[in-house]
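# Overview (structure and organization)
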Amino acid sequence: AAGLIEDRIGSVPILIWAEGENYQVLLRMRENQELHFKMEGSDLVDLKTASIWDPRLGIAREGPLQGQVLQQIPSFSIWEAYWFDFFPEGEIFRTE
């Protein structure tokens, strides 16, 4: 099952989506409006317009925002054992 986290980096609203080995980090903003999402099956649905988004690409496939694209935020994955070698003050999100 896919997982979804809404958070902020400073004042920047982000969305982190993950499913298995795949993940994406996206800016949760369109036209100066902050968006909030929920998962429906394998799709993201924004709560304000009910537009349906592809989480892998960040593209709205259906609804009022169809064709809009969420900006991808550069990211990388790393094993937890190595994370703290590079970022000793860093945090790790957990779903448990």
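Let us look at the structure shown here. Just so it is clear, the model here is predicted, and its values are computed rather than measured.

### Digging into the pattern of salt bridges
- With the rule as written, the count across this model stands at six salt bridges.
- Between Glu19 and Arg56 there is a salt bridge, and its shortest N-O distance comes to 3.2 Å. Placement of Glu19 in strand E2 (residues 12-19) and of Arg56 in the loop between strand E8 (52-54) and strand E9 (59-62) is noted, with a sequence separation of 37 residues between them.
- When its relative accessible area of 24% is taken as the criterion, Glu19 is described as partly exposed.
- Ionic contacts of the salt-bridge type, sharing partners, join the residues Glu6, Arg8, Arg28 and Glu34 into one network.

### Topic: the sheet that holds E8
- Spatial ordering of the open sheet is given by E6-E7-E8-E9, a layout of four strands whose pairing is antiparallel. Whereas interior strands pair on both sides, the edge strands pair on one side only; in this sheet they are strand E6 (37-40) and E9. Looking at each pair of strands side by side, their axes are set apart by 40° on average, direction ignored.
- Relative to E9, E8 runs antiparallel, the two being bridged by three bridges. The partner of Asp54 across the bridge, within E9, is Ile59.

### Some thoughts on the sheet that holds E2
- Strand order in this open sheet of three strands is E1-E2-E3, and the pairing throughout is antiparallel. In the strand order of this sheet, the two ends are held by strand E1 (3-9) and strand E3 (22-27), each with one partner. On average, each strand axis in the sheet is tilted by 20° relative to the strand beside it, whichever way the strands run.
- Here six bridges tie E2 to E3, and the two strands are oriented antiparallel to one another. Within the sheet, the bridge partner assigned to Ala18 lies in E3 and is Tyr23.

Rules of the game
- Residues numbered from 1 in each chain as written.
- Predicted model: local features only at pLDDT ≥ 70, side-chain atom pairs only at ≥ 80, totals over all residues.
- Heavy atoms only, no water.
- Salt bridge = Lys/Arg side-chain N within 4 Å of Asp/Glu carboxyl O.
- Helix = DSSP H or I, 4+ residues; strand = E, 2+ residues; numbered from the N terminus.
- Buried < 20%, exposed > 50% of the residue type's maximum accessible area, 1.4 Å probe, protein only.
- Pairing = 2+ DSSP bridges.
- Axes fitted to C-alpha atoms, helices over the stretch in contact; angles between N-to-C directions.

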